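Per-entry structural report
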Amino acid sequence: MQGGSPGSRHRQKAVVKHTIPEEQTHRTQVIAQTLNPVWEETFILEFEDISNSSFHLDMWDMDTVESVRQKLGELTDLHGLRRIFKEARKDKGQDDFLGNVVVRLQDLRCREDQWYPLEPCTETYPDRGQCHLQFQLIHKRRAPAASRSQPSYTVHLHLLQQLVSHEVTRHQAGSTSWDGSLSPQAATILFLHATQKDLSDFHQSLAQWLAYSRLYQSLEFPSSCLLHPITSIEYQWIQGRLKGEQLEELTASFSKLLAYGLSLLRKFRSVFPLSVPDSPARLQSLLRVLVQMCKMKAFRELCPDSAPLPRLVTETLRTGTVEWFHLKQQHHQPMVQGMLEAGKALLSLVQDIIGDLHQCQHTWNKIFQNTLKVDLFSMAFLELQWLVAKRVQDHTAVVAGSPVSPEMGESLFQLYVSLKELCQLGPGPAERDGVLALDGFHRWFRPAIPSWLQKTYSVALARVQRAVQMDELVPLSELTKHSTSAVDLSTCFAQISHTARQLDWPDPEEAFMITVKFVEDTCRLALVYCSLIKARARELSAGQKDQGQAANMLCVVVNDMEQLRLVIGKLPTQLAWEALEQRVGAVLEQGQLQNTLHAQLQGALAGLGHEIRTGVRTLAEQLEVGIAKHIQKLVGVKESVLPEDAILPLMKFLEVKLCYLNTNLVQENFSSLLTLLWTHTLTVLMEVAASQRSCPLASSRLKIALQNLEICFYAEGCGLPPAALHTDTFQALQRDLELQAASSRELIQKYFCSRIQQQAETASEELGAVTVKASYRTSEQKLRVELLSASSLLPLDSNGSSDPFVQLTLEPRHEFPELAPRETQKHKKDLHPLFDETFEFLVPAEPCQRDGACLLLTVLDHDTLGADDLEGEAFLPLRSVPGLTGTEEPGEVPQTRLPLTYPALNGDPILQLLESRKGDREAQVFVRLRRQRAKQASQHAPRPGQ
């Protein structure tokens, strides 16, 4: 068709039928009764001029002659009826036009695959549907000479090899990797050649396999490219379709690729290095190709004598592992021959082996296990441990013949640790099939143990000395109160513990002795550190004029020792004593570990505790002098100064010093310091209080000072707890100061309070007893006392009897100055007198309710010629008298039986205190009276058996 594009003009209905000769057209089959026909038919149409040629397609609905009855049977609506009339007007058997497709050939590519709309689109038929067409343009030109000299299959194979080589080379030049896909131009050439030569899909896949499998052995490209031809050959395999030469060629390709693949696996460590990210994927792809190839029916038929692939791979990997070991051994061969150099080379070899086994375990083994069920790691471990054991045993045997130098000992220790790591990679004893060559390897290193232990101690000692020499005894921070040397020492001890864990000697008895040595060296280092750090403090403070700076350094030293004690206390955990005890339980006597290791540890901790206490004691002594001076000054302050003001200097001194020490000491040592200072302060207070017994003012100041000191040392819960503050000394001092600060009258009241309490605690009536009834009438302000009787009195006369009477006195006298004592009648020769007398005292209720207010009942034996003898005293506390506290008059008054007691002969602290107040007449009168009563009592004290 000349002119514009067929799509731009008005198309006619049919462009093929009745316009092109029948012999130049092709016709498909008829697909009946469907609007979605599928033909799957191929036609070859030849053309010469592509620029002026077009492809034309008509689509028709084939009509057959039907009877009117059949058509009426299919009638469903009016539209169907109209169609029947329309068909009645046309010729019988005339086909209906469905649409056409016109495509210019120059618009097509070599391969085209798409849907084309059916034309023309009209108002009646706006959508005629689509037609799916595939176009393949091929050339008819031939190469007669090549075609006649070689089979088409061989030419296709060589052509494919050339194209693949070109693709690989082109990508290598551009520093990129080829993904296995040919360029569109190369694919077109291969397609055209296969089509021209009429090569089957099977032969094309075979050629692809042969080409790719040969090139894979010389060029670098993904092995995954081999999977597609393997699958295609397996799917289409029929042995009879190949000639003899082709079968031999295919067999040879199988054998060569298998051999080449095994050679790569033998050297997989270098061919697939983990330094290249895609190495695991490449190895897995190669294994998949080998597995798929060996599974092919073609491989099993052509290579029936080939061993199973897993067995071949296992033997290959075993051989490759041994070869790799020897290469590594040669690589580490030292240039200078010597035992030390040989040991270093062997150590490097073992470390390389450990690294390789880690790679096998974590990376390679998964690939071989998942693909072939081959346990690469176990095989490699068994081979390598046997090779390593032989060389290590030879090396240690030579070294054992001479003394072990420190350098050789270090080399042997590193080799021992590496062998331990190597053995830990292997299977446990329960999972082994037999004994490993490395079992019991620790015995080869037994001669080097003393050298290892000495080297560990020497290195640690040097580190401790260097750390102390560089320490400026300054806290690391506000929260971290120790200095740099304590941190360095902790690191040093951690390194010792790490060395012990690295050694982890398998023999239980020898492991116990090694642990004993480690603990001994650690404890020795701790005590050495204490000596060094104290010497460093003296060195730094020698030229210091500021005593505060020296105290600060001493605080840091104490904190360093405390930190060291904490570190030493962790030795049982760091050295795994519990696990050691379980291991050595069968070879050691019971309690031997406790007596050895724990005794060493407790000795070191006791030494550190002593050093810490000494440091804290030194700090405390510096403060004790100041505390004693301020307490001494306290009692010399003028009387006009209030006690609260008098103690201010002492409190300010303590506040400054304790705040400073709390900032610079750890809490535990600060608490110890507070305990020492508190004890010393109480001692000083007791000494000063004893010298000021006769001065109530000074005692009052000391009492207030004690109260404030208690608050200061408690420090709102941040200082000493109440249990540490309220010691026996504190309570005794508190009682003494309470007494000393009281006035004489207050002391007299306290005296009667104590006598009432003593009487209440007395259970026996050894001296006899008196029975009274007492009540108080508030309306009359009268105290009514009925003295009923006395009983079980002591016979004080020579005739074995007594003449008793009772003297009634309201005490203390300064509370009842206007009330004279009363007396009962005297009864002759009666040890159980019935007095039955009543006494009334006109007294207000208020003094009767005070502390110590009581009715003193003094039972006397009347003597005509001499002074009356004392039978005993009884005290009736007035505040317990019925009617005194209430507003109602008392009803029935109960009897009260009071045991008789004697006043203390001597040692009463209240009387002693009153007696010391020589200038107080009231106190002296009271003491004289009580001494007189005590003297009377001493003359007639009951004797045992009376």
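Residues numbered from 1 in each chain as written. Predicted model: local features only at pLDDT ≥ 70, side-chain atom pairs only at ≥ 80, totals over all residues. Heavy atoms only, no water.

**Re the overall build of the protein**
When its secondary structure is counted, the protein shows 32 helices and twelve strands. Expected size for 946 residues packed as a compact globule is a radius of gyration near 30 Å; at 60 Å, the protein overshoots this value by more than 25%. Projecting the C-alpha coordinates of the protein onto the three principal axes gives extents of approximately 185 × 105 × 60 Å. For the protein, with 946 residues in total, the buried portion stands at 42%. The contacts in the protein between residues at least 6 apart in sequence include a share of 74% that link residues at least 24 apart. (Helix = DSSP H or I, 4+ residues; strand = E, 2+ residues; numbered from the N terminus. Rg over C-alpha atoms; globule rule 2.2 N^0.38 Å. Buried < 20%, exposed > 50% of the residue type's maximum accessible area, 1.4 Å probe, protein only. Contact = heavy atoms within 4.5 Å.)

**Focus on the sheet that holds strand β7 (residues 804-811)**
Read across the open sheet, the four strands follow the order β8-β7-β10-β11; overall the sheet is antiparallel. The open sheet terminates on both sides in strands that have one partner only, identified here as β8 (822-823) and β11 (869-877). Sheet topology places β7 next to strand β10 (residues 854-861); eight bridges connect them, and they run antiparallel. Among the inter-strand pairings, phenylalanine 805 is bridged to a residue of β10, identified as leucine 860. Along the sheet face, helix α29 (residues 744-761) touches β7, β10 and β11 and points at about 95° away from the line of β11. Along the sheet, helix α32 (residues 921-939) makes contact with β7, β10 and β11, crossing β11 at roughly 125°. (Pairing = 2+ DSSP bridges. Axes fitted to C-alpha atoms, helices over the stretch in contact; angles between N-to-C directions.)

**Points about the confidence of the model for the protein**
For the protein, per-residue confidence averages 84 on the pLDDT scale, and residues scoring 70 or more make up 91% of the total. Below pLDDT 50 for its whole length, residues 1-11 participates in seven contacts with residues either more than four positions away or in separate chains. (pLDDT = per-residue confidence, 0-100.)

**Overview of the pattern of salt bridges**
Using the criterion set out here, one finds 31 salt bridges in the structure. Between glutamate 539 and arginine 536 there is a salt bridge, with its nearest N and O atoms 3.3 Å apart. You can see glutamate 539 and its partner arginine 536 sitting in helix α18 (residues 508-541), three residues apart, about one turn around the helix. Where lysine 782 meets glutamate 840, a salt bridge forms, and the shortest distance between an N and an O atom there is 3.6 Å. Of this pair, lysine 782 sits in strand β6 (residues 782-791) while glutamate 840 sits in strand β9 (residues 834-842), and the two are 58 residues apart along the sequence. Judged by relative accessible area, which is 29%, lysine 782 ranks as partly exposed. (Salt bridge = Lys/Arg side-chain N within 4 Å of Asp/Glu carboxyl O.)

**So, the packing of helix α24 (residues 648-664) against helix α25 (residues 667-691)**
Running from N to C, α24 and α25 point in directions that differ by 150°, and their axes come no closer than 8 Å. Relative to α25, the element α24 lies roughly antiparallel. The residues of α25 that touch α24, namely those facing Leu658, Leu661 and Asn662, are Gln667, Phe670, Leu673, Leu674 and Leu677. A per-class count over the contact of α24 with α25 returns six nonpolar, two polar and no charged. (Parallel < 35°, antiparallel > 145°, perpendicular 65-115°, else oblique. Nonpolar A, V, L, I, M, F, W, Y, C, P; charged D, E, K, R; others polar.)

**Remarks on the side chain of aspartate 803**
Within the secondary structure layout, aspartate 803 lies in the loop between β6 and β7. The side chain of aspartate 803 sits in the buried core without any salt bridge; lysine 828 is the nearest counter-charge, 4.4 Å away. (Lys, Arg positive; Asp, Glu negative; His and termini not counted.)

**A look at the sheet that holds strand β5 (residues 769-777)**
Read from one edge to the other, the open sheet built from four strands follows the order β9-β6-β5-β12, with strand pairing classed as antiparallel. At either margin of the open sheet sits one strand with a lone partner, and together these are β9 and β12 (896-899). Strand-to-strand twist of the sheet, defined as the mean angle between neighbouring strand axes without regard to direction, takes the value 25°. Note that β6 and β9 share seven bridges and pair antiparallel. For leucine 783, the partnering residue across the bridge sits in β9 and is phenylalanine 841.

**Some points on the pairing of β7**
Across the eight residues that make up β7, a large majority, eight, are buried. Burial along β7 is two-sided: the residues Pro804, Val806, Leu808 and Leu810 and Phe805, Gln807, Thr809 and Glu811 are all buried. Pairing of β7 with β8 involves two bridges; the strand directions are antiparallel. Each residue of the ladder has a partner; that of glutamine 807, found in β8, is glutamate 823.

**Some details on the nonpolar core**
The biggest cluster of nonpolar side chains holds 189 residues, and the ones touching the most others in it are Trp209, Phe254, Met293, Phe368, Leu419, Phe445 and Trp452. Non-local contacts of phenylalanine 254, meaning those with residues more than four positions away in its chain, are made with Trp209, Met293, Met296, Ala298, Phe299, Leu302 and Cys303. In terms of nonpolar packing, the next biggest core, distinct from the first, is built from 39 residues, Phe805, Cys848, Leu860 and Leu900 among them. (Core = buried A, V, L, I, M, F, W, Y, C linked by side-chain atoms within 4.5 Å.)

**Some words on helix α10 (residues 279-295)**
Taking 1.5 Å of rise per residue, the 17 residues of α10 would be expected to cover 24 Å, and the 24 Å separating its terminal C-alpha atoms lies within 8% of that figure. Three or more residues of α10 are buried, namely Ser279, Leu283, Ser285, Leu286, Leu287, Val289, Leu290, Val291, Met293 and Cys294. (Expected span 1.5 Å × (residues − 1).)

**Examining the side chain of serine 801**
The topology assignment puts serine 801 in the loop between β6 and β7. Polar contacts involving the side chain of serine 801 include one to the main-chain amide nitrogen of aspartate 830, which spans 3.4 Å. The residues contacting serine 801, other than those within four sequence positions of it, are Pro795, Leu796, Lys829, Asp830 and Leu831. (Polar contact = N/O pair within 3.5 Å; in protein donor to acceptor, adjacent residues only side chain to side chain.)

**Some remarks on unusual backbone geometry**
Here glutamate 119 and proline 120 are connected by a cis peptide whose omega angle stands at -10°. The step from glutamate 811 to proline 812 runs through a cis peptide bond, and the omega angle for that step is -5°. Topologically, proline 812 is positioned in the loop between β7 and β8. Here glutamate 40, not a glycine, exhibits a phi torsion of approximately 55°, which is positive. Relative to the helices and strands, glutamate 40 is located in the segment before β1 (54-61). With phi around 50°, aspartate 836 is a residue other than glycine that occupies positive phi space. Position of aspartate 836 relative to the elements: it lies in strand β9. A relative accessible area of 60% places aspartate 836 in the exposed class.

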